[in-house]
Amino acid sequence: MLRIECPWCGVRNEDEFSYGGDAAVDRPSDEGSPDEWYDYVYTRNNSAGKHTEHWQHVNGCRAWVIVVRDTVTHKIYSTVPASPNLPTGKAGVDQT
Amino acid sequence: MTQKFRTTDGGLIDRNRPISFTFDGKSYQGYEGDTLASALLANGVHLLGRSFKYHRPRGILAAGSEEPNAMVELRTGARKEPNTRATTIELFDGLVAKSQNCWPSLSFDIMAINNLFSPLLSAGFYYKTFMWPVSFWTNVYEHIIRRAAGLGTAPTEADPDHYEQCHEHCDVLVVGAGPAGLMAAQAAADKGARVIIADEHVLLGGSLNSEDLTVSGKPGNDWAAAQVAKLSAMDNVHIFTRTTVFGYYDHNTVAAIEKVSDHVAVPAPGKPRQRMWIFYPKQVVIAAGATERPLIFGNNDIPGIMLAAAVRTYTNQYGVKPGSRAIVVTNNSDAYRTAIDLHGAGVTVVAVVDSRTHPDAPLAAELASLSIELITGKTVGAAGGGQRVAYALLVSTQGDTEEPQRIDCDLIASSGGWNPNLHLHSQSGAKPVYNEAIFSFVPGQSRQAEVCVGAANGSFGLQECLDQGLAAGAEAAKLAGFKGKNKKPPKAGDDGDYSIEALWISPTPYNKSYKQFVDQQNDVKVSDVNLAAQEGYDSVELLKRYTTQGMATDQGKTSNVNALAILAGQRGEPIPDVGITTFRPPYVPVAMGVFAGHTVGHEFMPVRHTAIHDWNKKQGAVFIEAGLWLRARYYPQSPSDTMTDCYIRETNNTRNNVAMIDVSTLGKIDIQGPDAAEFLNRLYINNWLKLPIGKVRYGVMLREDGMVFDDGTTSRLGENHYFMTTTTANAAPVLSHMEYYHQTVWPDLDVVFCSVTEQWTGIAVAGPNSRKLLKKVIDIDLDNAAFPFMAVGECHMNKIPARLFRISFSGELAYEVNVPADYGEQAWLELLEAGKEMGVAPYGTEPLGTMRIEKGHVAGSELDGRTTALDLGLEGLSNRSKHFIGKHNSARPAMLAEGRLQVVGLKSLEPGRNLRVGAHLVDDKVTLESVSQSQGHVSATTFSPSLGCSIALGLLKDGTARHGEQIDAVFPLDDEKIRVEICHPVFIDPKGELVRA
Amino acid sequence: MPDTQAKEFPVRVSPLLPIDRDAIVDYKNVRLQERKCLNAIQVLAYANKHAETASAISKALGIECPVTPGICSSNEHTQIAWSTPNSWMVIASDDAAGRNPGELLETLQRAVGELAAVVDQSHGRCGLRLSGPRAREVMAKNTAIDLHPRVFKPGQCASTSVAHMSALVIQVDDQPTYDLFVARSLARSFAHAIEHSCHEFQDD
Amino acid sequence: MHYSALSLIKHALTGNRGWTRAWRNPEPKKQYDVIIIGGGGHGLATAYYLARLHGITNVAVLEKGYIGGGNTGRNTTIVRSNYMLNANSQFYEHSMKLWEGLSQELNYNVMFSQRGILNIFHNDAQRDAFARRGNAMRLNGVDAVMHDLDGVKKLMPHLDFSKNTRFPVTGGLAQPRGGTARHDAVAWGYARGADRLGVDIIQRCEVTGFRRDGDKLLGVETSRGFIGAGQVGVAVAGNSSRVFKMVGIKLPIESHVLQAYVTEGIKPLVNTVCTFGAGHFYISQSDKGGLVFGGDLDGYNSYAQRGNLPTFNHVVAGGVTMMPCLARLRILRQWGGVMDMSMDGTPIISKTPIDNLYMNGGWCYGGFKATPGSGWVFAHTIANDKAHELNRAFTLERFREGYLLDEKGVGATPNAH
Ligand SMILES: Cc1cc2nc3c(=O)[nH]c(=O)nc-3n(C[C@H](O)[C@H](O)[C@H](O)COP(=O)(O)OP(=O)(O)OC[C@H]3O[C@@H](n4cnc5c(N)ncnc54)[C@H](O)[C@@H]3O)c2cc1C
Ligand SMILES: NC(=O)c1ccc[n+]([C@@H]2O[C@H](COP(=O)([O-])OP(=O)(O)OC[C@H]3O[C@@H](n4cnc5c(N)ncnc54)[C@H](O)[C@@H]3O)[C@@H](O)[C@H]2O)c1
Ligand SMILES: Cc1cc2nc3c(=O)[nH]c(=O)nc-3n(C[C@H](O)[C@H](O)[C@H](O)COP(=O)(O)O)c2cc1C
Ligand SMILES: [Zn+2]
């Protein structure tokens, strides 16, 4: 059971969250080339090790968060809000 | 006399509470506190079942959950439990058990003939044969193999009991309540930590209950009971008995199974049979003890050959004499205690056979004082006997060249050393390491917040167990944030020593060969291990898979280390280089019901009801599932009404008159803020910046890969206030999608939104008389000029506050009324009342489907995740001069290329023959038998009352350019073929005059 | 929107109607009841308006509006539960303070003005009250969050998954009593699941 | 050494001491014509067909652990060809035909058991979707039968057929030729077959890099040193991204864990492969008597090769809901495998941007059934430096261009395929 520390709600089970995939891919601008758009949608680093990823606390506060997790050990290093503009939650979200 | 093999006194059973039970139809008595195994032994029953492959007689090897052999079928009927270990069944009144895998009877089993053919049935034999003649595989061989496999038979009725799941958090979880665990729990609890201690057994104390040991000067079991009493009195301690911790998962989540009602015939009212606990401890102390491994010698599987410690358990804890003439065979000092305890219980101990040449002097002296013969440098080479062991043949450990010494006996207690129970440690991600001192694996570096203590840590001395438990409990509490001084551990009485010398396989008696079993449940012999290695299946994992060693229901708890030691010997490599197979959950087999908990049957998934559900039900509506929702599909008016009758009637009533449908299930999202319009503009392919207040617009959303995601209408209610609707199916995904883009991609947009799906009941009122109807109840001007097509307004419906939308899915003049859901049913009734004079009637999703097909509105079956706006004829809406999600990938070459499936209308050219969804479109050269390329398929069909024929929507290769052509719609599953005409998908009112009327 | 001046109001129909008993569960040590005629107003603050919105709500209702996640402040009639990073759920029963339907909504709209969006969810949620000495054990069967009295106390709330459904949990007192709010459409399945979890305690 | 009943008897009489290794344990040579990375079913089958059909025998299969230890050794062994999209349907049907003669071809009983596969449905929408698929199968020459309730009852008598159930069963789509096979035996059989044709199977040999001279591929770096190769085929399933990262290629693949479970062995209870239509659950019974079942992915990127608890609970809940008598049967073991989830749910068997480097991956949870077909077309692709007609659509480039093969229609969300 992954236990993800929502920056607002605290530690919750993975089944309160939904997975949003690789958060390290940058969305190209409207002027982006077809290659950039292809890369953004289709290719993934798929690292074995530290992986930056999106999760949404769907069954909780509905915030999207960015989790740094090891894909081999599943250890979570950090969880931070995805949006810089939401009022901050609880202090101390370093999950190491 | 019953219970002939009970000791005269002693043991932790309650001799005042006799219990009756039956095994294989015969009645027996035992006592409260017995297991089925101990009670059977007390009655002199040693033969419990037949082995898997050779159908050899099998008895009881162990006294706990590691038991490989003593498996019975427990209970009957729907409560039948095959493959249940007699050693873990608490005896209860009326218990019924049966032997397995034998026919016609346990003592005479025909399949025992396999025993003779054993050389043929060597490891992996089936891979080498059964290939000829080819057809025999499916028809004959496989059938036989399958019938032979498996031990017990499954119940076929639904389980009458129920199961539960529960969550509990704590600071320190202690697994196992032996001396180490009890100390750990105490130490952590004393510091104020929230402590959970769980043990498989009902009686806590672990080995203290089965050994003749003392702590603080008291008998071990008394000390344990006092310790338990102390813990129970603390409100920061939660003690779980009958609870096996079976899985150590990520992030220190630990799963356990509590056997709530297995010790009674039927669970008490409301009580579950078993309960799964999910523990969330900050720290875990694993004090799970160790498992003894048997010595491997010829015929070592005969009933009456038992583990030495199990013999002590039966003798000391259950007051049972597992035999009358015993020999103890060992490679370590610990098993001497078995001889001493048996002697104390009045069993004749013929000899202790120790493979070591220099055994422990004090122990030897103690045996001498009891007149028990000690034979050193020898071991049992083979045993003999039929359904019960009758003798042992002794050999020297160097191997012999003469006839072996024979000792008659009916019990052989064997000890090959101890394996710490590393399952949970290993499941937590850690790698056990080999320890030369105990000839087994011990815990390695921890990967999670976990520590092993006591026998589970390879420390077998009682004092060590107490010391380690205390220290680990205190440390765990400290790591969880609790302070306080550590107490002193209690003093353990002397428990001897645990020195051991390796002996992996006994030499066989001179010039003889015997079956030497490694894995007793799967009938894997030493020769199978050797053969596997010889054939190249020589890594532990290949060995396991080729021979099935360790794959039986005991998962090799007593056999794995022996097997890999033999393999290492065969490979000529040290044991650590060979390694062990992976430990996997569950630690003991766990009933599927436990994993399911309450989430089965009707609770497997919740049902969603609209506010009009009860009314619909009263009307006798037939429902259809839409995701979790139940929607009215059609409304039969008489028992003879078919679905077709109903949807034609309901469609006609809508097209010709006025009808209403509950559309509450559509997703609804309230969107507000200065950037709301800009946000919509990026979500949808069409323009949103200039939608006037009071107006509704249809919109289409794409996924980032360019495929259509969802469609729906969005209304502008105020300057910065919008109201979006989504399809029923996509309500939740669309909201998450919006939240994703708002929070991660465009956080600078000042917009807020939330789902209001639940707040509103939606009722569509459709048909030429809809305006007339609504005018009677709505308090705003509904004339066409004042409230034109695609208008929205706030109003009251009689007294009920409402929102009114002039939109149409049916293609008729139509409105949608939204009212707060608690008023939903009342609004529905008021509309029915107001429309009575016009003949208003409800309609369901079936006529809704009919009308949308007639109107060529695409829906879920066309928005199948593989279609683009262009494919669906919606590209006209898009504005490619602005940015929107999916814009770039919807312009990839393949998205614009020829050969894509595009939406078309289809008309049956064969009167009376209806098109069916799932039919494929093929050109007329194709016969039903020939292999072909499908050109597309039929996605939605209906009989169109307006057109008087069967029509459909379909997705057809380059369909847009093919209107007017003919093609075949084939349904090979039912040998059907219908000629159809391809046409424009909008069948009626192509200019949309009706909706604007 | 709703005309609070109107004298008569339509009757509200509970989403739980068919299992409408005085209490859904009424055992000696655990009770489950519906909180009827619920007012649940979601207030969503616009960008950078979180603090201002909170103080506007506090002022209007005379209850400290929580800016810390997981807190629910309340007075006799009204609860303000932290709900999402930018929103609160303001909860009251219709008749509690002698208010008319719509009054709370209007009060809040007036109070926050352009600071926040105010969205009525009153008909979209079903409120249930679970109470009694066994209530915590019943909750433990349905939610994974830690409700131990050391950790979760009266005045705390959590949006979490309860019986596999999204719910807002507020601890009301240390009896303990919990208020549970779920989507209206799921109310029956939800109530049934909680009821089922209470069965074990029928005889004690 | 030929395997047969006769040889079994012969060796039994001599104490089984005469059996020789099923495959050799050679030291790696300096140079091979073709190196296949990955000793799973696909890699071994590829080597076998390279030698058998294309006469290329100077081949090595490099396996980092033991052969069949990847997904080949941990899958639920379902073999079927019931696909909807033409390219898939034709490829998997080719594979099915190879299965049908595989034990004889390899002289190794892979226990291919055509006990049929049945997809249960519960409502009209599901039936319609299965009709579309079943009809597509028939048009592609694949067997498919639509069953009504009675038909389902005959095949799976112990499902919950009560009327008042949450998800009443209304029918099912069956492929009678579908079934299961003994997974490990497939790897072993191909290994033995390839070995007998001269292929070197090298275990405990992990590829750690590629050596190139400019654009020219020279060979691979391994835990046992450099090994030269003319051509390299990669068939490493869940590890595809890691291996291709060594040559700087970023793949349209994510690695996810799929779990599987087995119960204690019992006498025959489930006689076909059956999938639940209302939840993620499918089940079959192994030759050894265990009920083997599985469900959905854990849902997040992972290389952990072990499963987590919520999915476990959810899968079993689906199973007990579908078949209530399962509740009292006990689960013996839970494990996981690392799936190579492609962005459209369809495999990639293709040339790559690097000459002489070939890819076989993106199998998602369905590559076991593809083993013979995959090896067959991959061998063809390597031998001819050109895709076979059957894998022409399975290119790496299709994502860029948009020629997707998305059976589920869920788009570029690998955890949803
Ligand atoms: C739980 C589960 C259930 C499944 N159920 C089914 C099913 O029912 N039906 C079905 O058709 N499919 C199923 N699958 C999928 C199927 O198992 C796989 O798609 C298939 O086995 C892949 O075979 P492979 O040979 O490509 O990969 P694998 O068998 O995984 O072989 C790849 C090998 O490459 C090796 N390797 C990796 N990296 C390196 C390196 N750097 N150097 C050397 N060697 C390396 C690995 O050790 C591994 O042995 C299931 C999978 C799982 C996990
Ligand atoms: N003679 C030897 O070589 C030897 C070997 C082992 C133990 N011992 C003796 O045994 C004692 C060891 O004490 P200890 O506390 O380490 O072990 P223990 O065996 O006394 O207690 C372990 C307890 O853990 C329980 N348990 C094991 N796995 C469990 C699980 N997964 N879930 C729930 N419960 C589980 C067992 O049922 C048992 O009650 C000492 O007294 C020692 O002298 C001796
Ligand atoms: C089809 C199939 C059947 C299995 N049956 C059993 C079984 O009867 N007993 C057992 O212990 N394991 C069984 N396993 C699981 C394996 O022991 C093992 O867990 C799996 O191959 C994964 O390997 P690992 O656990 O070593 O990582 C089975 C696996 C598969 C794929
Ligand atoms: Zn949260």
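This text gives an overview of the structure that appears in the document. (Residues numbered from 1 in each chain as written. Chains lettered and ligands numbered in written order. Predicted model: local features only at pLDDT ≥ 70, side-chain atom pairs only at ≥ 80, totals over all residues. Heavy atoms only, no water.)

## Considerations on the sheet that holds strand β4 (residues 50-56) of chain A
Residues and elements named next belong to chain A. Quick reminder of the rule: By this definition, two strands are paired if DSSP reports at least two bridges between them. In this description a helix means any DSSP run of H or I spanning at least four residues, a strand means any run of E spanning at least two, and both kinds are numbered starting from the N terminus. For helices, the fitted axis covers only the stretch in contact; all axes are lines through C-alpha atoms, and the angles between them, taken along N-to-C directions, range from 0 to 180 degrees.
Ordered in space as β3-β4-β5-β6, the four strands form an open sheet in which the pairing is antiparallel. Edge positions in the open sheet fall to β3 (18-22) and β6 (76-81), since each of these has one partner strand only. Sheet twist, expressed as the mean angle between neighbouring strand axes with direction ignored, is 25 degrees. Note that strand β5 (residues 64-70) and β6 share five bridges and pair antiparallel.

## Structural notes on the site of ligand 3
Cut-off, in case you're wondering: Proximity is defined per residue: if any heavy atom of the residue lies within 4 Å of a molecule or strand, that residue is considered near it. Under this definition, polar contacts are N or O atom pairs within 3.5 Å; protein pairs additionally need one hydrogen-donor-capable and one acceptor-capable atom, and for neighbouring residues in sequence, both atoms have to be side-chain atoms. Note on areas: Shrake-Rupley with a 1.4 Å probe; residue coverage comes only from the protein chains shown. Boundaries of every domain are those given by an automatic assignment or by a domain database.
In the neighbourhood of ligand 3, 18 residues make up the surrounding shell, with Lys 544, Gln 555 and Arg 584 of chain B together with Gly 73 and Arg 333 of chain D lying closest. Chains contributing residues near ligand 3 are chains B and D. A distance of 2.7 Å separates an oxygen atom of ligand 3 from a polar atom in the side chain of Lys 544 of chain B. Here Arg 333 of chain D contributes a side-chain N or O atom positioned 2.6 Å from an oxygen atom of ligand 3. Considering ligand 3 on its own, with 600 Å² of exposed area, one finds that the protein chains cover 95% of that surface. At the level of elements, α11 (540-547) of chain B together with β16 (330-342) of chain D are the ones that each hand at least two residues to the shell around ligand 3. Both domains that meet at the shell around ligand 3, namely domain 1 (32-81 + 84-107 + 183-251 + 345-416) and domain 2 (117-176 + 254-342) of chain D, each give it at least three residues.

## Here we look at unusual backbone geometry
Which entries qualify depends on this criterion: Three exposure classes are used, based on accessible area relative to the maximum for each residue type with a 1.4 Å probe and protein chains only: buried under 20%, partly exposed in between, and exposed over 50%.
A cis amide bond links Trp 103 of chain B with the next residue in sequence, Pro 104 of chain B, at an omega value of 0 degrees. Structurally, Pro 104 of chain B is set in the loop between β7 (95-98) and α2 (134-148). Here the amide bond leading from Trp 132 of chain B into Pro 133 of chain B is cis, since omega sits at -15 degrees, within 30 degrees of zero. Residue placement: Pro 133 of chain B occurs in the loop between β7 and α2. Even without being glycine, Arg 62 of chain A reaches a positive phi, approximately 70 degrees. Mapped onto the elements, Arg 62 of chain A comes out in the loop between β4 and β5. For Arg 62 of chain A, a relative accessible area of 22% translates into the label partly exposed. Phi is positive for Asn 299 of chain B, close to 55 degrees, though the residue is something other than glycine. Turning to its location among the elements, Asn 299 of chain B is positioned in the loop between β16 (290-292) and β17 (305-307).

## Overview of the nonpolar core
Basically, it comes down to this: Take the buried residues of types Ala, Val, Leu, Ile, Met, Phe, Trp, Tyr and Cys, join any two whose side-chain atoms come within 4.5 Å, and each joined set is a nonpolar core.
Tyr 537 of chain B together with Trp 23, Trp 99, Tyr 108, Trp 188 and Tyr 190 of chain D are the most contacted members of the largest nonpolar core, which totals 96 residues. In this structure, Ile 669, Leu 735 and Phe 753 of chain B together with Ile 348 of chain D belong to the second largest nonpolar core, which totals 62 residues.

## So, the state of the cysteines
Basically, it comes down to this: Note on disulfides: each one is a pair of cysteine sulfur atoms within 2.5 Å.
A complete count under the given rule lists zero disulfides over all chains for this structure. The cysteine Cys 274 of chain D is free of any disulfide, with Cys 325 of chain D supplying the nearest cysteine sulfur at 12 Å.

## A few points about the pattern of salt bridges
The criterion, for reference: Definition used for salt bridges: Asp or Glu carboxyl oxygen within 4 Å of a side-chain nitrogen of Lys or Arg.
According to the stated counting rule, one finds 100 salt bridges over all chains in the structure shown. For Asp 528 of chain B, the salt bridge is made with Lys 525 of chain B, and the minimal N-O distance between the two is 3.9 Å. The same class applies to Asp 528 of chain B as to Lys 525 of chain B, namely buried. Members of the salt-bridge network, linked through shared partners, are Arg 75, Arg 79, Glu 81, Asp 159, Asp 161, Asp 262 and Arg 273 of chain B together with Glu 264, Arg 328 and Arg 330 of chain D.

## Brief notes about the arrangement of the chains
Rule in force here: Residue contacts are defined here by distance: any two heavy atoms, one from each residue, within 4.5 Å place the two residues in contact.
A comparison of contact numbers over the five pairs of chains in contact places chains B and D at the top. In this structure chain C stays clear of chain D, and the shortest span between their C-alpha atoms is 11 Å.

## Details of the sheet that holds strand β23 (residues 405-408) of chain B
Residues and elements named next belong to chain B. Ordered by their spatial adjacency, three strands build an open sheet running β21-β22-β23, and the pairing between neighbours is antiparallel. Looking at which strands have only one partner, the edges of the open sheet turn out to be β21 (378-385) and β23. Within this sheet the neighbouring strands show an average axis-to-axis angle of 30 degrees, counted without direction. Bridge analysis of strand β22 (residues 389-396) against β23 gives four bridges, and the strand direction is antiparallel. Note that in β23 the partner of Tyr 391 across the bridge is Asp 408.

## What about the packing of helix α2 (residues 41-54) of chain D against helix α10 (residues 371-384) of chain D?
The geometry of a pair of packed helices is captured by two quantities: the angle between their axes and the separation between those axes. Residues and elements named next belong to chain D. The line we're drawing: Note on angle classes: values under 35 degrees are labelled roughly parallel, values over 145 roughly antiparallel, values of 65 to 115 roughly perpendicular, and the remainder oblique. The sense of a crossing depends on the near helix, which, turned anticlockwise from the far helix by less than a right angle, makes the crossing left-handed and, turned clockwise, makes it right-handed. Just so you know the grouping, Ala, Val, Leu, Ile, Met, Phe, Trp, Tyr, Cys and Pro go in nonpolar, Asp, Glu, Lys and Arg go in charged, and all remaining residues, Gly too, go in polar.
Here α2 crosses α10 at 55 degrees, and the two axes come no closer than 7 Å. Of the possible angle classes, the one that applies to α2 and α10 is oblique. The chirality of how α2 crosses α10 is right-handed. In this structure, α2 contributes Gly 41, His 42, Ala 45, Thr 46, Tyr 49, Leu 50, Leu 53 and His 54 to the contact, and α10 contributes Thr 371, Pro 372, Ser 374, Gly 375, Trp 376, Phe 378, Ala 379, His 380, Ile 382, Ala 383 and Asn 384. The class makeup of the residues in the contact of α2 with α10 is 10 nonpolar, nine polar and no charged.

## What to know about the packing of helix α10 (residues 526-534) of chain B against helix α12 (residues 560-571) of chain B
Residue and element names in this part refer to chain B. Remark: α10 packs on α12, axes separated minimally by 10 Å, with the N-to-C direction vectors making an angle of 45 degrees. In this view, α10 runs oblique relative to α12, as classed from their interaxial angle. Crossing angle aside, the handedness with which α10 passes α12 is right-handed. Here Val 526, Val 529, Asn 530 and Ala 533 of α10 lie close against α12, whose contacting residues are Ala 563, Ile 566, Leu 567 and Gln 570. Taken together, the residues of the contact of α10 with α12 sort by class into six nonpolar, two polar and no charged.

## Focus on a positive patch on the surface
To keep it simple, the criterion reads: Patch definition: residues above 30% relative accessible area lacking any salt bridge, with like charges linked at up to 9 Å and the nonpolar side chains Val, Leu, Ile, Met, Phe, Trp and Tyr linked at up to 5 Å. Positive charges come from Lys and Arg alone, negative charges from Asp and Glu alone, with His and the N- and C-terminal ends not counted. For the purpose of locating charges, the reference atoms are NZ of Lys, CZ of Arg, CG of Asp and CD of Glu.
Taken together, Lys 64, Arg 242, Lys 245 and Lys 250 of chain D make up a surface patch of like positive charges. By the element assignment, Lys 64 of chain D lies in the loop between β2 (59-62) and β3 (78-79).

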